[in-house]
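The lines below spell out each chain.
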Amino acid sequence: MLTVVLSGLRARWASFLGGFVALALGVGLLATMGLGLSATFHAPERSPQRFASSPVVVQGQDRLTLDVRRGPGTASVAQRLDRPQPVDNELLRELETRWTVTPSGGPDAVGVDAPAAEVRALVGDRAQVLTGDERRRADPDHDRDADALVGVNALLGTSGGVTAFVSVFVVASTFAFAVALRRREFGLLRTAGATPGQIRRLLLAEAAALGVLASAAGCALGAAGAPLLARTLVDGGLAPAWFTVGGPAWPFHAAFWTGVAVALAGAVAASRRAGKVGPAAALREAEVDADTLPLGRALLGTGLLLAGLGLLVWTYATDPSSLLKRKTYTTLPMLLITGIALLSPLLIRPVARLLRLRGAVGTLVRENSAASVRRTAAVAAPVLVTVALAGTLFGSATSVTRAKGAEGREQTVAEYVVAGPALRPVTAPAGAVVSPTGPTSVFVRDGDAAVVKYAARAVTDPAAFAELARLPVVAGDPRDLDDRSIVVNEEFERRRVGETVEVWRADGTGPVRLRVAAVLALGTGDNGPYVTRANAPGSEPDRIDARGGGTATARALEASGATVRTADAWAEAERPPSGGRQARLGMVLVLGIALVYTVIGLANTLLMATSVRGGELASLRLAGATRAQILRVVTGEATLAVAIGALLGLAVTALVLGTLGAGLAALSAPVSLALPWGTVGAAAGVCAAVAIAASALPAWRLTR
């Protein structure tokens with residue numbers, strides 16, 4: 001068996017080349033992503049900066065700790081505060097009485113030159129006592145390194161998932177088509193006495209050998225590509241400057257065995273089909289495909305398609321806000337893509353024969369495409385993946401960004417908006433209305449089992465805010481906001497106007513009981529809650545809306561220290577229609593992976609398919625067809641298959657974007673769907689160019 005397997009690999013190396021390259025590339029990408037992910041699990045250890053010379057640091061509490069229900073008992077849940085609480089003045093005096101105290105920049109923490117045990121005995125539970133590396137918690141934004149890695153982790157995790165999905169898709173498609181081309185060979189083996197089990201074991205052994213060789217090559221690619229990935233992420237602004245990949249071994253093990261498993265999984269279905277080939281297939285000359293949609297494939301495709309549609313509907317009905325998240329619109333289309341690809345043979349013949357192409361060349365293109373369903377479907381499948389990912393990723397991201405920008409612009413009637421950290425106070429000129437707001441947080445119990453931290457806005461002047469804001473009010477009136485009330489959104493458990501909400505402020509003080517003054521629609525996620533400055537300790541304005549007063553207002557706003565923009569210019573700068581640079585780089589990476597795999601799959605499939613059509617093309621020459629006509633037939637078939645794949649990809653895009661639009665409408669957010677025709681067209685154009693070249697070159701050689 002091993003001799004037959006190795007001989008087969010040597011004799012058909014061209015047929016296995018595409019699968020080998022696709023699998024090696026997939027394993028290399030998985031190893032690279034795994035090395036990158038391992039580097040995101042732990043931020044580098046940094047020495048304390050603010051209190052580097054103090055052996056002990058006394059800091060106010062920086063966590064809000066509350067008891068929640070866990071089964072029959074209770075457990076403590078800690079939520080991070082926006083800033084630590086100040087050290088109690090009485091405690092500070094006690095420390096200064098006994099030891100040397102080093103204040104540094106504020107009352108939230110002090111350094112103490114004393115034994116840690118004695119300081120802990122004095123402080124008790126009135127504050128935190130930090131020693132050693134824990135002193136970093138007193139540094140400003142001490143979690144910035146860990147926070148910087150969250151986006152990198154999400155990007156690499158998504159890219160790794162897309163890589164695994166597309167590699168399985170391409171490898172399985174390649175094996176299936178290669179088996180279809182070898183039907184006569186399997187018939188000869190059956191005639192020579194081979195059993196169906198031996199045929200299946202032969203194919204699985206070929207897949208295992210291919211998987212081991214390709215996985216080994218992929219691990220070498222991953223080792224070389226990981227440093228390049230780190231530099232690219234740093235240069236693109238997606239990762240902090242210190243980000244590097246290390247040397248853990250588990251990413252290589254995971255990638256290698258995943259590659260072997262993918263190769264075997266891709267060959268399982270093909271081997272079962274090959275085992276059913278009878279001895280009579282050795283005499284078969286007709287090239288019309290039969291049994292292109294077996295019952296198992298039909299059931300699996302239908303199940304995946306229904307699961308994808310059901311998941312879209314269920315997400316829309318239960319949690320429409322999750323449709324706006326990148327993780328959702330990246331992963332949901334995969335079920336739809338796989339389901340439609342499995343069922344694509346049902347669509348090939350009807351779509352191909354709907355065309356009314358003129359002349360002999362057009363007739364041959366139409367009939368050959370309809371007769372060779374497996375070849376046409378094998379070409380359309382990778383195009384479907386690329387076009388669907390391009391449309392759903394870029395279309396969903398652009399639509400969400402536009403909706404956020406339109407929502408932000410609709411919610412203010414200001415003429416000017418100033419935005420920036422820690423804005424200085426401004427004096428409103430005569431006839432002007434000025435409304436400063438700033439970021440804060442509120443903590444609210446969600447039932448008995450959870451504590452939720454909401455990013456809120458602190459309103460300096462409720463009357464001016466109510467005059468300039470146009471919030472999506474579901475109930476109540478924002479003009480009733482005062483120091484004893486709160487404006488909530490529909491996420492809150494208690495959201496009836498007049499009800500009392502128990503909240504903890506951003507510094508952990510509380511609880512305070514605030515009356516619900518108004519309820520807002522959830523929107524794209526930025527609608528409230530709103531409180532006054534009295535319930536937002538430490539909050540500084542980062543945005544000032546202004547209206548009226550003419551040019552004097554613009555001049556007055558310049559005193560804030562930030563750029564004065566019109567409301568339209570501010571909305572454009574805050575939410576650019578194309579999305580942020582980092583988000584686009586991430587999507588380009590994911591789409592690039594899919595496009596590379598598509599190119600490999602198209603080239604391999606068409607090179608294999610065209611290279612075995614020597615007899616057919618020779619018959620056309622004998623029938624009077626010119627060499628140019630034969631090339632037009634072959635390239636026309638490839639172009640038609642690419643067009644069918646693009647249409648199926650656009651169908652997936654339409655389903656996802658349509659559901660996203662319905663979700664935005666259900667959230668009372670502006671619906672501004674955008675299909676990225678440029679990106680989709682470019683992806684389809686690359687696929688068409690590769691398909692034409694990969695079919696024309698072997699056809700030109702065969703017709704010499």
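Higher on the page you've got the structure.
Residues numbered from 1 in each chain as written. Predicted model: local features only at pLDDT ≥ 70, side-chain atom pairs only at ≥ 80, totals over all residues. Heavy atoms only, no water.

## A short note on the packing of aromatic side chains
Two descriptors summarise a pair of aromatic rings, namely the distance from one centre to the other and the angle between the planes of the rings. Applying the stated rule across the entire model yields three aromatic pairs. Ring centres of tyrosine 454 and phenylalanine 492 lie 4.3 Å apart, and the angle between their planes is 20 degrees; this geometry places the pair in the stacked category. Separated by 38 residues along the polypeptide, tyrosine 454 in strand β9 (residues 450-459) and phenylalanine 492 in the loop between β11 (485-489) and β12 (500-504) bring together distant segments of the chain. Like tyrosine 454, the residue phenylalanine 492 is buried in the burial classification. (Phe/Tyr/Trp six-rings, centres within 6.5 Å; stacked < 30°, edge-to-face > 60°. Helix = DSSP H or I, 4+ residues; strand = E, 2+ residues; numbered from the N terminus. Buried < 20%, exposed > 50% of the residue type's maximum accessible area, 1.4 Å probe, protein only.)

## A word on helix α19 (residues 627-666)
Taking 1.5 Å of rise per residue, the 40 residues of α19 would be expected to cover 58 Å, and the 58 Å separating its terminal C-alpha atoms lies within 8% of that figure. Of the residues flanking the end of α19, it is serine 668, one or two places downstream, whose phi is positive at about 60 degrees. (Expected span 1.5 Å × (residues − 1).)

## Regarding the packing of α19 against helix α20 (residues 677-702)
Relative to each other, α19 and α20 sit at 150 degrees, their axes nearing to 9 Å. Considered as vectors, α19 and α20 are oriented roughly antiparallel to each other. In this structure, the crossing between α19 and α20 has a hand that is right-handed. Here Arg627, Leu631, Val634, Thr635, Ala638, Thr639, Val642 and Leu650 of α19 lie close against α20, whose contacting residues are Val680, Ala684, Cys687, Ala688, Ala691, Ile692, Ser695, Ala696, Ala699 and Trp700. Here the contact of α19 with α20 is composed, by residue class, of 14 nonpolar, three polar and one charged. (Axes fitted to C-alpha atoms, helices over the stretch in contact; angles between N-to-C directions. Parallel < 35°, antiparallel > 145°, perpendicular 65-115°, else oblique. Left-handed = near helix turned anticlockwise from the far one by under 90°. Contact = heavy atoms within 4.5 Å. Nonpolar A, V, L, I, M, F, W, Y, C, P; charged D, E, K, R; others polar.)

## Re the environment of arginine 632
Mapped onto the elements of the fold, arginine 632 is located in helix α19. As a C-alpha pair, arginine 632 and leucine 364 span 268 residues in sequence and 9.9 Å in three-dimensional space. If we skip the residues at most four places from it in the chain, arginine 632 touches Val361 and Val365.

## So, the nonpolar core
Membership of the largest hydrophobic core comes to 96 residues, with the highest contact counts inside it found for Leu233, Phe243, Ile337 and Val652. Looking at this core element by element, the count peaks at 17 residues for helix α13 (residues 373-410). If we skip the residues at most four places from it in the chain, phenylalanine 243 touches Gly36, Ala39, Thr40, Leu149, Val152, Ala230, Leu233 and Val234. Listed in part, the 16 residues of the second largest apolar core include Val444, Ile486, Val503 and Leu514. (Core = buried A, V, L, I, M, F, W, Y, C linked by side-chain atoms within 4.5 Å.)

## Notes on helix α11 (residues 345-354)
Taken together, the buried positions of α11 are Pro345, Ile348 and Ala352. Taken around the axis of α11, the buried residues stretch over an arc of 30 degrees, which confines them to a single face. Exposed side chains of α11 directed beyond 90 degrees from the buried face belong to Leu346 and Leu354. Lining the buried residues of α11 we find α9 (295-318), α10 (326-343), α12 (359-371), α13 and α19. (Arc of directions from axis to C-beta.)

Limitation: the analysis is restricted to geometry and does not speak to function.
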